[in-house]
Amino acid sequence: ALKSRTEVGGPMICTLLLDNPDHYASDKFKVFYWYQYFAYMAREWDFELDESERGLKEEKVVLKRAKGEILPLSKLNDYIYRPSVMQSYSLFDFLRLTNVRKLNKRARKKRSRSDEQTHDMADRDEGDEGNEVTTELEVDEAQSYDFLDGHPSKPQNAVFMIKGERKYVLNFVGGSLPRRDKGDYDKYCIVMLTFFKPWRSALDLKRDGLTWEDAFE
């Protein structure tokens, strides 16, 4: 809201009245709530957190009503149950190269009749963990894939590859990232492995009995 005695230039007022963007950039940005993925690993491996972080360890899930059912919406599930063709994708690559979109009714009926991967698409699900992307990159409709069985919203949503060579630039949200040269080095190793090593469960990051430093190095 405009405050009293605040001066606003004419171009800015015209931009707002015409509902045009207030800034332009060469790249598209996607918000990346990185801490929820680290918190998942910390829970699964019983990793000791700092006193200030212990309240953040609990997983937060957005709920959505669909056809009389309550479905959990979680970006964590999107990655864990990513399509089999994306098995080798790290979390970082998955978020940069794909969009998760809601399918319309005609697309869902078509999927039920055929194993084809090409189908129509509708707008992004409004109940999904906030507006992570203000303007989405164009997707390739010929490259859309099912989530694996077990994903709560598999019948409604699919994963689309970004069209062409473009990629999202991730905007890291959730506090300062751990550093290699100071602080808890084990936490740094966990975060880097979580970002850049493909996984479907916490056990994929390291073998039991192996230190985080050894697993990272």
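Given the structure is predicted, the values throughout are model-derived calculations rather than measurements. Residue numbering note: each chain is counted from 1, following its sequence as written. Local features in this predicted model are restricted to residues whose pLDDT is 70 or higher, and side-chain atom pairs enter the listing and the counts only when it is 80 or higher, whereas totals over whole chains, interfaces and linings include all residues. Derived side-chain values reflect all non-hydrogen atoms in the structure, with water molecules and hydrogen atoms excluded from consideration.

### A few points about the sheet that holds strand β4 (residues 98–102)
With antiparallel pairing, the three strands of this open sheet are ordered in space as β4-β6-β5. The sheet is open, and its two borders are formed by β4 and β5 (139–145), each paired with just one other strand. Here the strands of the sheet are splayed against their neighbours by 40 degrees on average, with no regard to which way each runs. Here the rule is simple: two strands pair whenever DSSP picks up at least two bridges between them. Each helix corresponds to a stretch of at least 4 residues labelled H or I by DSSP, and each strand to a stretch of at least 2 residues labelled E; elements are numbered beginning at the N terminus. As defined by bridge partners, β5 adjoins strand β6 (residues 157–162) across three bridges and the pair is classed as antiparallel. When the bridges of β6 are listed, Val 139 appears paired with Ile 162. Whenever a helix is involved, its axis is fitted only over the stretch in contact; in every case the axis is a line through C-alpha atoms, and angles between N-to-C directions fall within 0 to 180 degrees.

### Concerning unusual backbone geometry
A positive phi is found at Asp 46, a non-glycine position, where the angle reads about 55 degrees. With respect to the helices and strands, Asp 46 occurs in the loop between α2 (35–45) and β2 (62–66). A simple rule labels every residue: compare its accessible area, found with a 1.4 Å probe on the protein chains alone, to the largest value its type can have, and call it buried under 20%, exposed over 50%, or partly exposed in between. A relative accessible area of 63% means that Asp 46 is categorised as exposed.

### Let's talk about the side chain of His 151
Relative to the helices and strands, His 151 resides in the loop between β5 and β6. Residues contacting His 151, with those up to four places away along its chain left out, are Asn 77, Asp 78 and Tyr 81. In what follows, a contact means two residues having at least one pair of non-hydrogen atoms within 4.5 Å.

In short, the description is geometric, and any link to function would need to be established separately.
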